[in-house]
Amino acid sequence: MNVPDWTDPDCPVARTLDLIGDRWSLLVIRDAMDGARSFTEFQRRTGIARNILTDRLRKLIAHGFLAQHTAESGRRKEYALTEAGRDLFPVILSLRQWGERHAFAPGEAHSTLVDRHGEPVPEFVPSGADGTVLGAETTRVRKIG
């Protein structure tokens, strides 16, 4: 697959969005993190149309977020996160936690991410080298080159 035309060639955020910035790609990654492995599982969990899912799986493989292999049964293909796909965990976690705070009415039911002990995952808070909490007001972009 060809490298996309970059929206903003110097910006890591823009490049990342060019690769995975559509709704369906992120939902496929989310479901792969939650154990989905087959085309049928991704389709059932997301409700995505077959042709769109086929396209997204193809792109996620081409860009190195998923790998495809033959299932043990030998009858179907399965998908697994690559290192690059697993590295999206903090992105998915941040989106989830933002959604928990801002996309639901107070008291409205929603799913919760829990750790292996069944405890809710603590709020993900980025911090600087000195341990201080980082935010838009405490960071800036430095252009290189």
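Residues numbered from 1 in each chain as written. Predicted model: local features only at pLDDT ≥ 70, side-chain atom pairs only at ≥ 80, totals over all residues. Heavy atoms only, no water.

Participant: Looking at this structure, I do not really get the packing of aromatic side chains. What am I missing?
Facilitator: Each aromatic ring pair is summarised here by two numbers: the centre-to-centre distance and the angle between the ring planes. Within this structure, the stated rule accounts for one aromatic pair. On the basis of an interplanar angle of 65 degrees and a centroid distance of 6.1 Å, the ring pair of Phe 42 and Tyr 79 is categorised as edge-to-face. With Phe 42 in helix H3 (residues 39–46) and Tyr 79 in strand E2 (residues 77–81), this pair connects stretches of sequence that are 37 residues apart. Like Phe 42, the residue Tyr 79 is buried in the burial classification. Across from the ring centre of Trp 24, 4.8 Å away, lies the NZ or CZ of Arg 23, which sits over that ring. (Phe/Tyr/Trp six-rings, centres within 6.5 Å; stacked < 30°, edge-to-face > 60°. Helix = DSSP H or I, 4+ residues; strand = E, 2+ residues; numbered from the N terminus. Buried < 20%, exposed > 50% of the residue type's maximum accessible area, 1.4 Å probe, protein only. Lys NZ or Arg CZ within 6 Å of the ring centre and 35° of its normal.)

Participant: Mind showing me how you'd approach the side chain of Arg 56 here?
Facilitator: Turning to its location among the elements, Arg 56 is positioned in helix H4 (residues 50–62). Apart from the residues within four sequence positions on either side, Arg 56 is in contact with Asp 22, Trp 24 and Ser 25. (Contact = heavy atoms within 4.5 Å.)

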